[in-house]
Amino acid sequence: TASLAELAAACDVVVVLVVNAAQTEQVLFGSGHDGLAATMRRGGVIVTSATVDPALPPRWAARLSEAGLHLIDGPVSGGPKKAAEGQMTVMASGTPEAFAAAGTALDAIAGKVYRLGDKPGAGSTVPPFFMRGIRLAGSTPRVSTVLSRSPGPRTGMLYICASAGASAMWSKWP
């Protein structure tokens, strides 16, 4: 498509995969009339995938809700290879209505989708760079952080094993 507005008009679900919060906000809100919030059809779902401060997705969700849109906070892990294969890991959080409206869109880009909560922001509490840190350092404090921010230890460990935190050590975990 030639513009963000044309993309928004053609899609029920848009995945925003940019580098940081500032770029995410530009795509979401633009200068007030050209962001997804102003151009996407009511009932649409926006999945934000940049690793950001967990306080931001709830604010974005509130603003998008005013436009009749849903937000799923969905940071990803896996790198370019898994992205090309549609096998990324998504750590998602959002309302049940957002997930229902998104349908199978997340499954199309991900090998694993972990639903970490019913409010946007929980996905950003377990950012992918923690997974890389776990793999590189094998650090007990990082594992503890991931586990404490996950809905349960099993979900946290499954996430570690399916993302960039994977290693031979974790692959033996049941």
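Residues numbered from 1 in each chain as written. Predicted model: local features only at pLDDT ≥ 70, side-chain atom pairs only at ≥ 80, totals over all residues. Heavy atoms only, no water.

Novice: Mind showing me how you'd approach helix H4 (residues 56-66) here?
Specialist: Helical geometry note: an α-helix holds 3.6 residues per turn, so side chains three or four residues apart project in the same direction. Among the residues of H4, those classed as buried are Leu56, Pro57, Trp60, Ala61 and Leu64. On an axial view of H4, the arc spanned by its buried residues comes to 130 degrees, and they lie on one face. Facing away from the buried surface of H4 by more than 90 degrees, the exposed residues are Arg59 and Glu66. Here the buried face of H4 lies against helix H2 (21-29), helix H3 (36-39), strand E2 (45-48) and strand E3 (70-73). One or two steps after H4, the chain reaches Gly68, where phi turns positive at roughly 80 degrees. (Buried < 20%, exposed > 50% of the residue type's maximum accessible area, 1.4 Å probe, protein only. Helix = DSSP H or I, 4+ residues; strand = E, 2+ residues; numbered from the N terminus. Arc of directions from axis to C-beta. Contact = heavy atoms within 4.5 Å.)

Novice: Sorry if this is basic, but what is going on with the sheet that holds strand E4 (residues 76-77) here?
Specialist: A sheet is described by the order of its strands in space; here three strands give the open sequence E4-E5-E6, paired in mixed fashion. Either end of the sheet is taken by a strand with one partner, and the two such strands are E4 and strand E6 (110-115). The sheet contact formed by E4 and strand E5 (residues 88-92) spans two bridges and is antiparallel. Paired with Val76 across the two strands is Val90, which belongs to E5. (Pairing = 2+ DSSP bridges.)

Novice: What is the right way to look at the sheet that holds E3 in this model?
Specialist: Sheet strands pair by backbone hydrogen bonding; their relative direction is either parallel or antiparallel. The strand order across the open sheet built from three strands is E1-E2-E3, with neighbouring strands paired in parallel fashion. Every other strand in the sheet has two partners, leaving strand E1 (13-16) and E3 as the edge strands with one partner each. Ignoring which end each strand starts from, the neighbouring axes of this sheet average 20 degrees apart. Against the sheet, H4 engages E2 and E3, with an angle of about 165 degrees to E3. (Axes fitted to C-alpha atoms, helices over the stretch in contact; angles between N-to-C directions.)

Novice: Looking at this structure, how should I read the packing of aromatic side chains?
Specialist: Working definition: an aromatic ring pair is given by the centre-to-centre distance plus the angle between the planes. The full count for this structure, using the stated rule, is zero aromatic pairs. Between Arg63 and the ring centre of Phe29, over which it is positioned, the NZ or CZ distance is 3.6 Å. In this arrangement the basic side chain of Arg115 is found over the ring face of Phe99, its NZ or CZ atom lying 3.8 Å from the centre. (Phe/Tyr/Trp six-rings, centres within 6.5 Å; stacked < 30°, edge-to-face > 60°. Lys NZ or Arg CZ within 6 Å of the ring centre and 35° of its normal.)

Novice: Even after reading the chapter, I still don't get the environment of Pro96, so can you show me in this structure?
Specialist: Topologically, Pro96 is positioned in helix H6 (residues 96-102). You can call Pro96 partly exposed: its relative accessible area is 42%. Sequence spacing of Pro96 and His70 is 26 residues, and the spatial spacing of their C-alpha atoms is 10.0 Å. Not counting residues up to four positions away in its chain, the partners in contact with Pro96 are Arg115 and Asp118.

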